[in-house]
Amino acid sequence: MGDSLITIVAIVLAAILMFVFPLMSMSDRTDDISQLTVKTATTEFVDNVRTTGRLSLADYSAFEQEIHATGNSYDIEMEVKVLDENPGKKTTQASSTKIGENVYYSMYTSQILETLNQGNAVLALKEGDMFSTSVRNTNTTLSQQLKNFFYTVAGNDTYTIAAEHGGYVTANGSGGN
């Protein structure tokens, strides 16, 4: 009886070592590749907008397709901080020609997409504006599912694939706004 129990335990352990751990390792590598793809695509998308001063619906759609090609679903959040310069002249300080500080007002993803979909295929930005994008996966990957099963590490609100990038716009875009 004791030898049978040891044999069964050995078979179960062998099955776990032969199948489960390699599956976990491969699913982790898949998430790593997806993470790299999303980070690269996000950086290229934001840098393109920053250097051209233009955000087009075609560029956004291409970005969306590129990250969805990883097989995951994502929540994409964009923010444009538009520089609202105060053109008044200073009277008390000779070093600057403007009154007060420059103020930024923000446009978020829904407002940006609404602008792009209302016949304006391009959102023109100007030098000094700020543009940022953040991406997070919304689905549960195989790696997350396996970790939840074996370790109970990740919760429902946890994402494993995410990227953020942003910066100042360095060129004035032309076209309709």
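Residues numbered from 1 in each chain as written. Predicted model: local features only at pLDDT ≥ 70, side-chain atom pairs only at ≥ 80, totals over all residues. Heavy atoms only, no water.

1. Thoughts on the overall build of the protein
Then, in step 1: The secondary structure content of the protein amounts to 4 helices and 6 strands.
Then, in step 2: When its helices and strands are written in sequence order, the protein yields α-β-α-β-β-α-β-β-α-β.
Then, in step 3: Taking all 177 residues of the protein together, the buried fraction comes to 29%.
Then, in step 4: When contacts within the protein are restricted to residue pairs at least 6 apart in sequence, those whose partners lie at least 24 apart make up 77%.
Then, in step 5: Accessible surface for the protein amounts to roughly 10900 Å². Of this, 57% is attributable to carbon and sulfur atoms. (Helix = DSSP H or I, 4+ residues; strand = E, 2+ residues; numbered from the N terminus. Buried < 20%, exposed > 50% of the residue type's maximum accessible area, 1.4 Å probe, protein only. Contact = heavy atoms within 4.5 Å. Areas by Shrake-Rupley, 256 points an atom, 1.4 Å probe, with all protein chains shown as cover.)

2. Here we look at the packing of helix α1 (residues 2–52) against helix α4 (residues 142–150)
Then, in step 1: Contact geometry for α1 and α4: axes closest at 8 Å, N-to-C directions at 135 degrees. By the angle between their directions, the pair α1 and α4 is classed as oblique. Read as a crossing pair, α1 and α4 show a hand that is left-handed. Residues V20, L23, M24, S27, D28 and D31 of α1 form the contact with α4, whose participating residues are L142, S143, L146, K147 and F150.
Then, in step 2: Among the residues forming the contact of α1 with α4, the class breakdown is 6 nonpolar, 2 polar and 3 charged. (Axes fitted to C-alpha atoms, helices over the stretch in contact; angles between N-to-C directions. Parallel < 35°, antiparallel > 145°, perpendicular 65-115°, else oblique. Left-handed = near helix turned anticlockwise from the far one by under 90°. Nonpolar A, V, L, I, M, F, W, Y, C, P; charged D, E, K, R; others polar.)

3. Overview of a nonpolar patch on the surface
Then, in step 1: A grouping of L17, F21, F149, F150 and Y151 is seen on the molecular surface, where their side chains present a nonpolar patch of about 570 Å² in accessible area.
Then, in step 2: Mapped onto the nonpolar patch, the elements with two or more residues apiece are α1 and α4.
Then, in step 3: Mapped onto the elements of the fold, L17 is located in helix α1. (Patch = residues over 30% accessible without salt bridge, like charges linked within 9 Å, V, L, I, M, F, W, Y side chains within 5 Å. Salt bridge = Lys/Arg side-chain N within 4 Å of Asp/Glu carboxyl O.)

4. A look at the confidence of the model for the protein
Then, in step 1: Mean pLDDT over the protein stands at 84; residues scoring 70 or higher make up 84%.
Then, in step 2: For the protein, per-element mean pLDDT is lowest for α4, which scores 80, and highest for strand β5 (residues 130–137), which scores 95.
Then, in step 3: Below a pLDDT of 50 lies the segment residues 90–96, which in the model reaches 5 contacts outside its immediate sequence neighbourhood of four places, other chains included. (pLDDT = per-residue confidence, 0-100.)

5. Remarks on the packing of aromatic side chains
Then, in step 1: Here the structure, examined in full by the defined rule, presents 3 aromatic pairs.
Then, in step 2: Ring centres 4.5 Å apart and planes at 5 degrees place the aromatic pair F45 and F63 in the stacked group. With F45 in helix α1 and F63 in helix α2 (residues 57–68), this pair connects stretches of sequence that are 18 residues apart.
Then, in step 3: F63 sits in the buried class, given a relative accessible area of 3%.
Then, in step 4: Here the aromatic cluster, defined as three or more aromatic residues joined through ring pairs, consists of F45, Y60, F63 and F131. (Phe/Tyr/Trp six-rings, centres within 6.5 Å; stacked < 30°, edge-to-face > 60°.)

6. Describing the nonpolar core
Then, in step 1: F45 and L55 are the most contacted members of the largest nonpolar core, which totals 24 residues.
Then, in step 2: Looking at this core, the elements that each hand over two or more residues are α1, α2, β2 (74–84), α3 (109–117) and β5.
Then, in step 3: Those residues in contact with F45, other than ones at most four positions away along the chain, are L55, D59, Y60, F63, M78, F131 and T133. (Core = buried A, V, L, I, M, F, W, Y, C linked by side-chain atoms within 4.5 Å.)

7. Section: the side chain of R50
Then, in step 1: Locating R50 in the fold gives a position in helix α1.
Then, in step 2: Polar contacts involving the side chain of R50 include one to the side chain of D47, which spans 2.8 Å. (Polar contact = N/O pair within 3.5 Å; in protein donor to acceptor, adjacent residues only side chain to side chain.)

8. Focus on the pairing of β2
Then, in step 1: Across 8 bridges, the pairing between β2 and β5 is antiparallel. Within β5, the position partnered with D75 by the bridge is R136.
Then, in step 2: Looking at chain direction, β2 and strand β3 (residues 103–108) are connected through 6 bridges and run antiparallel. Its bridge partner being in β3, D84 is matched across the sheet by V103. (Pairing = 2+ DSSP bridges.)

9. Notes on the environment of H165
Then, in step 1: By the element assignment, H165 lies in strand β6 (residues 162–168).
Then, in step 2: Once the C-alpha coordinates of H165 and K39 are considered, the two residues, 126 residues apart in sequence, prove to be 8.4 Å apart.
Then, in step 3: In this structure, H165 is in contact with T42, T43, V46, D47, R50, F131, S132 and T133, ignoring residues within four places of it in sequence.
Then, in step 4: Side chain to side chain, H165 and D47 meet in a polar contact 2.9 Å long.

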